[in-house]
Amino acid sequence: YLREGDEYVISGISLAIVLDPRNEDNSRLTTSLDDQTVEEYGRQTISKLYEYLQTKKDLKDVPANICVYYATNTNESDINGRYILKSYCDGSVGNIETLDYKNYMFTSTEATAADEDTASQFEIFKSNMKKAATEAVGVIGYGRYKNGQIQSMKINLKVNIKTYTELLYLISTAADELNTQFSGFDIKVLVSSQDQLEALIVKDKGEDAKSILL
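Going along each chain's sequence as written, the residues are numbered from 1 onward. Per-residue local features are limited, in this predicted model, to residues with pLDDT of at least 70; the limit for side-chain atom pairs, both in listing and counting, is 80 or more; totals at the level of whole chains, interfaces and linings are taken over all residues. Side-chain descriptors were evaluated using all non-hydrogen atoms of the structure, hydrogens and water having been removed beforehand.

Draft legend 1. Main features of the pattern of salt bridges. Each reported salt bridge corresponds to a side-chain nitrogen of Lys or Arg within 4 Å of a carboxyl oxygen of Asp or Glu. The full count for this structure, using the stated rule, is four salt bridges. A salt bridge links D20 to R22; the shortest N-O distance between them is 3.0 Å. A residue is classified by how much of its surface remains accessible, and R22, at 31% relative accessible area, is partly exposed. Of the charged contacts, one joins E135 and K162 as a salt bridge, the two residues approaching to 1.8 Å between their closest N and O atoms. On the criterion of sequence distance, the pair formed by E135 in the loop between helix 3 (116-132) and strand 8 (138-146) and K162 in the loop between strand 9 (149-159) and helix 4 (164-181) is long-range, its members being 27 residues apart. Only protein chains enter the area calculation, which uses a 1.4 Å probe; residues under 20% of their type maximum are buried, those over 50% are exposed, and those in between are partly exposed. On the basis of relative accessible area, E135 is assigned to the partly exposed category, the value being 32%. Judged by relative accessible area, K162 falls into the exposed class, the value being 64%. Only DSSP runs of H or I covering at least 4 residues are called helices, and only runs of E covering at least 2 are called strands; the numbering of each starts at the N terminus.

Here's what the structure looks like:
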């Protein structure tokens, strides 16, 4: 909204269309739809949505940034969906661009095939955290990629701790490992014990890791 005198007038909108292909009984598909089929349908929905907006008096001729989000497809990913299309529409449907976003779970064969270096670094981080702990440790990472390049990673670190001192030691070890193993993208680590979130470790691109006890 932009202010005009004493009023605020809408000057642009952003919308996401979520595609979630399912069977008629609303169950998950056993076989993924062809990517080209999904993309073509997504392009049609962008055009239809913008045409609909033009029938609304308050929205007619208002610029609209319309994106298409391909929802979680368990045949492709167990993490979440991804944006596949976008179009900036101003007076007409704009150039519909294809987006290259991916999500990978570490460790997995898909993540290793997509980014062997980061997968190797994650394996070292995971191994060193298991060595540092006196009991079992769970380490799962989720990487977000754009145009084939990793943008950020979230790591769930599940530990079994008996003392506050042990918790501090594991948090310190994890922070040191982040600084040693990873660079070039943002990382956050959620440290939990007995399903209770204990700490957050954040490493912004180009900076050292910072720890927050909860």
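Draft legend 2. Layout of unusual backbone geometry. Residue T107 is bonded to the preceding F106 through a cis peptide linkage, with omega at 0°. By the secondary structure assignment, T107 is in the loop between strand 7 (101-106) and helix 2 (109-114). A positive phi angle, close to 50°, is found at N147, a residue other than glycine. At Q194, a position not held by glycine, the phi torsion is positive, near 50°. Along the polypeptide, Q194 turns up in the loop between strand 10 (186-193) and strand 11 (196-203).

Draft legend 3. Spotlight on the sheet that holds strand 12 (residues 210-213). Whether two strands pair comes down to DSSP finding at least two bridges between them. As summarised here, the arrangement of the six strands in space is 7-8-9-10-11-12, forming an open sheet in which the pairing is mixed. Among the strands making up the open sheet, the edge pair consists of strand 7 and strand 12. Strand-to-strand twist of the sheet, defined as the mean angle between neighbouring strand axes without regard to direction, takes the value 15°. With eight bridges connecting them, strand 9 and strand 10 associate as parallel partners. Paired with L157 across the strands is V191, a residue of strand 10. For this analysis, residues touch if any pair of their heavy atoms sits within 4.5 Å. Angular values range over 0 to 180 degrees, each being the angle between N-to-C directions of two axes fitted as lines to C-alpha atoms, with helices fitted over their stretch in contact. On the sheet, helix 4 packs against strand 9, strand 10, strand 11 and strand 12 and is oriented at approximately 25° with respect to strand 11.

Draft legend 4. Structural context of the sheet that holds strand 6 (residues 97-98). The strand order 3-4-5-6 describes an open sheet built from four strands, whose pairing is mixed. Across the chains shown, the open sheet's two edge strands, defined by having one partner strand only, are strand 3 (13-19) and strand 6. Against the sheet, helix 1 (residues 35-53) touches strand 3, strand 4 (64-70), strand 5 (82-89) and strand 6, its axis set at about 140° to strand 3.

Draft legend 5. Fine view of helix 1. In this analysis, the expected span of each helix is defined as 1.5 Å times one less than the number of residues it contains. Taking 1.5 Å of rise per residue, 19 residues should cover 27 Å, and helix 1 covers 27 Å from first to last C-alpha, within 8% of that figure. Where helix 1 is buried, its residues meet strand 3, strand 4 and strand 5.

Draft legend 6. Fine view of the pairing of strand 8. Burial along strand 8 is one-sided: the face carrying V139, G141, G143 and Y145 is buried and the face carrying G138, I140, Y142, R144 and K146 is not. Here strand 7 runs beside strand 8; their pairing, made up of six bridges, is antiparallel. Looking at the pairing, F106 lines up with G141 of strand 8. Judged from the nine bridges that link them, strand 8 and strand 9 form a sheet pairing that is antiparallel. Across the sheet, the residue bridging to G143 is M153, located in strand 9. What sits between the antiparallel neighbours strand 8 and strand 9 is a turn of two residues, in which N147 has the positive phi angle 50°.

Draft legend 7. Main features of the packing of aromatic side chains. For Phe, Tyr and Trp, where Trp contributes only its six-membered ring, two rings pair if their centres lie within 6.5 Å, and the inter-plane angle classes them as stacked under 30 degrees, edge-to-face over 60, or tilted in between. Enumeration over the complete set of coordinates arrives at six aromatic pairs. Note on Y104 and Y145: the rings are 5.3 Å apart at their centroids and 80° apart in plane angle, and the pair reads as edge-to-face. With Y104 in strand 7 and Y145 in strand 8, this pair connects stretches of sequence that are 41 residues apart. The class of Y145 is buried, set by a relative accessible area of 4%.

Taken by themselves, the reported measurements are silent on function.
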